[in-house]
Amino acid sequence: MTDTRLPTDDQLWLCMSETMRSVILPRLDDPWARAALIRLIGLAEFAPKRGEDPSEQRTSETIACIDQLASSYPDIAAQLPAGWPGVDQRQVLDLCSQLLAASVGDENEQANAVRIQLKTLLKVHLTEDFTVSSPLITSFAGGLNDR
Amino acid sequence: MTDNNIESFIEPLSGYISSKIEEVARVTEVRRLAEGHSRQMLLIHVEVAGAVQRYVVRIEQDGIFGTSGAEEFRVMGALHGVGFPVAQVRWLENSRDLLGEPFFVMDFVDGDFDNPAGDTLKEFVTVLDQLHKLDWQNAGLDFDLKPESVEEATHLQIDRWANIYRSATPLPIPLLEEAAAWLHYHAPVSGPFGIVHGDPGPGNFVHDKGEILALTDFEFCHLGHVYEDWVFCAVMRGPRSLSTDGWIELYQELADTKLTAEEWRYWQVFNLFKGSCANTTSLRVFCAGKNPAPNLAIVGTAIHQNFLFQLTGLISD
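Residues numbered from 1 in each chain as written. Chains lettered and ligands numbered in written order. Predicted model: local features only at pLDDT ≥ 70, side-chain atom pairs only at ≥ 80, totals over all residues.

1. What about the interface of chain A and chain B?
- Chain A puts 27 residues into the contact, and the matching count from chain B is 23 residues.
- Where the side of chain A that touches chain B is concerned, the elements lending two or more residues are helix H2 (31-46), helix H5 (89-103), helix H6 (109-133) and helix H7 (135-140) of chain A.
- Here the side of chain A that touches chain B takes eight residues from H5(A), the largest share from any one element.
- Of the residues contributing to the side of chain A that touches chain B, the split by class is 15 nonpolar, seven polar and five charged. (Contact = placed C-beta atoms within 7 Å. Helix = DSSP H or I, 4+ residues; strand = E, 2+ residues; numbered from the N terminus. Nonpolar A, V, L, I, M, F, W, Y, C, P; charged D, E, K, R; others polar.)

See the structure below:
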């Protein structure tokens, strides 16, 4: 929101979360409604923490990682799709899937490099996502997270 | 949404049950029985000729978890027919005309709603072992997938779950694809083959005074390697009642089953993979706007990522 006369998304999410916590929840007796509201509070607090969509950045990082692997291993270079590196996210993820799956049960240098470099990068991406989403597990189980 | 106005089901269910029993039936009460993410479970009171009967209506939710109510109905019916502790199923409705989703109706089995402990857990392990060892063909059970060996069954189940995730997400998830390949590569070629419940443990059986009155939630039931169940119960559903080591002792004592560390790891990865794949279906339904319920958003994000995170760690070790 660039118009400073208007509230930001973060301010609106805070308004929702605080009102649900302090006004609605204490007055709610029905257990199903309480469970749903606590989860909703979790989602209202999760949404503003997600930040910008990381897809573009992650795709670039993954392409760079695969480029590095391809420069060392001709077998990987041969698997690059036409137009590489000008490809979309789906093609990049398809190639990651192919490379990771093919390295299972293989202990050669190329398979190890795929695991060490590419899998590590994908685990970093997953960790980033899970770090932000993990408080939702408490919400799911019926607990309020610390503010 | 999941929390739709369940009172609105009274009229159509009254008509439905009347037509099934060919008598005037009136639903006098309807209430939510348990929270299910893939099925809505309603307890209904039905008045017929002055007497009240209680039934459970199990309603599908937009194909969440990729399972079929029809197969579940069939399996439960056959199990009940051979005297296995399971609720008697009554009527299956495959169309969406009446309640907006397919559903089936079964008898309500009342029990103790406290968390099971002590002898009840022992009895549960014995009953689950009996399920695993039941001669399914003689019992008249009919599954959608009919593998002939434990090896074939395991590969079929890996493909089944991978395909469910692939059809639910717009983009591939490479760490899940690696897990599928890992599971295929390390799949056992032998082992105990039988009826796998698929989601066994506390919360999915009805008990009273130490007796198991009914196993419930057969939507994941299939033919396969029974270690899937033992590990699932001890690790995923059972810890709130007993430590994992406690379950392991019960398995050894009552089912003469002791897994090696590698077998334990394999089936832990398998169950995390299964859960992670199944959870993607929640997000599909949520993102399509078919059911914008908060539990589906959480199952499809944090719970899915948690399973994926754990299984990736186990594969990397």
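Back to the write-up after that little detour.
2. Focus: helix H1 (residues 10-21) of chain B
All names here are of chain B.
- In this model, H1 (12 residues) spans 16 Å end to end at C-alpha, consistent with the 16 Å of a helix rising 1.5 Å per residue.
- Within H1, the full set of buried residues consists of Leu13, Tyr16 and Ile17. Around the axis of H1, the buried residues are gathered within 90 degrees of arc, so they sit on the same side. Opposite the buried face of H1, at more than 90 degrees from it, the exposed residues are Glu11 and Ser19.
- Following H1 by one or two positions, Glu22 adopts a phi angle in the positive range, close to 55 degrees. (Expected span 1.5 Å × (residues − 1). Buried ≥ 20, exposed ≤ 12 C-beta atoms within 10 Å, placed from the backbone. Arc of directions from axis to C-beta.)

3. Topic: the domain arrangement of chain B
Residues and elements named next belong to chain B.
- Domain annotation of chain B identifies domain 1 (6-107) and domain 2 (119-316).
- A separation of 25 Å is found between the C-alpha centroids of domain 1 and domain 2.
- Listed per partner, the contact involves 23 residues of domain 1 and 27 residues of domain 2.
- In terms of residues, the side of domain 1 that touches domain 2 owes the most to one element, helix H2 (residues 69-81), which gives seven residues.
- Residues that form the side of domain 1 that touches domain 2 fall into these classes: 10 nonpolar, eight polar and five charged. (Domains from an automatic or database assignment.)

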